[in-house]
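Residue-level structural notes
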Amino acid sequence: ATTTFKIMREIQPWVTGMSDNSSRLAHDAAFKWFYVNRKDDLYKKLAKTCYPEEYAQSRDDKDYAKDLKLLTKEGVLEELKKNKEKHTLGWIEAVGRQTVLDILFLRREAIKAGPGSVEWNASRIVWGNTSERAKAECFELMHTSINKIGKSGPPRRYK
């Protein structure tokens, strides 16, 4: 077997049943973050797509809308830090930065959470918002040893 074949044999395809459909994301805080940043079209789309019920409630329920309007970016971040939600904080920072490594991280989180999850929908939106150059770099990194779901195991490819 050639080296190329051996390497490609080690890279495992994405499998639907791989996810345990568990999310470590603090959904309330993530929605609040998207909502307070909704003046940016990306965050507005994320809020509407990832949290459709909450976003509809923010339009329909005046008390809920009033509470959300009192939120600030700093307040949401402070709440995350106070509650020690490091994973959620890292996730929303990755959504905002959108570097190649962040995009790869978001795609791994999407696979862990499974189709239809907030992570899945957000990853698709961020991917659609990514430049072609960054997408190419991300595809290149998919086949490296840094692209693993857990601490060990082969890299994963994504659809």
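In short, a report on the structure. (Residues numbered from 1 in each chain as written. Predicted model: local features only at pLDDT ≥ 70, side-chain atom pairs only at ≥ 80, totals over all residues. Heavy atoms only, no water.)

**A look at the packing of helix α6 (residues 73-82) against helix α7 (residues 86-97)**
- Their axes nearest at 8 Å, the elements α6 and α7 cross at an angle of 145°. Along its contact with α6, which presents Leu77, Leu80 and Lys81, the element α7 presents Thr88, Leu89 and Ile92. (Axes fitted to C-alpha atoms, helices over the stretch in contact; angles between N-to-C directions. Helix = DSSP H or I, 4+ residues; strand = E, 2+ residues; numbered from the N terminus. Contact = heavy atoms within 4.5 Å.)

**Details of the packing of helix α2 (residues 27-36) against helix α3 (residues 41-50)**
- Their axes nearest at 7 Å, the elements α2 and α3 cross at an angle of 140°. Compared by their axis directions, α2 and α3 come out oblique. When the axes of α2 and α3 are compared, the crossing they make is left-handed. Packed against α2, whose contacting residues are Phe31, Trp33 and Phe34, the element α3 presents Tyr43, Leu46, Ala47 and Cys50 at the interface.
- Split by residue class, the contact of α2 with α3 holds 7 nonpolar, no polar and no charged. (Parallel < 35°, antiparallel > 145°, perpendicular 65-115°, else oblique. Left-handed = near helix turned anticlockwise from the far one by under 90°. Nonpolar A, V, L, I, M, F, W, Y, C, P; charged D, E, K, R; others polar.)

**Some details on α2**
- Here α2 lies mainly inside the structure; 8 of its 10 residues are buried.
- When we look at burial in α2, the residues that qualify are Ala29, Ala30, Phe31, Lys32, Trp33, Phe34, Tyr35 and Val36.
- Tucked inside the fold, the buried residues of α2 contact α3, α4 (52-60), α5 (62-69), α6 and α7. (Buried < 20%, exposed > 50% of the residue type's maximum accessible area, 1.4 Å probe, protein only.)

**Here's the deal with the side chain of Asn37**
- As for its position among the elements, Asn37 is in the loop between α2 and α3.
- Taking the relative accessible area as the measure of exposure, Asn37 reaches 9% and is therefore buried.

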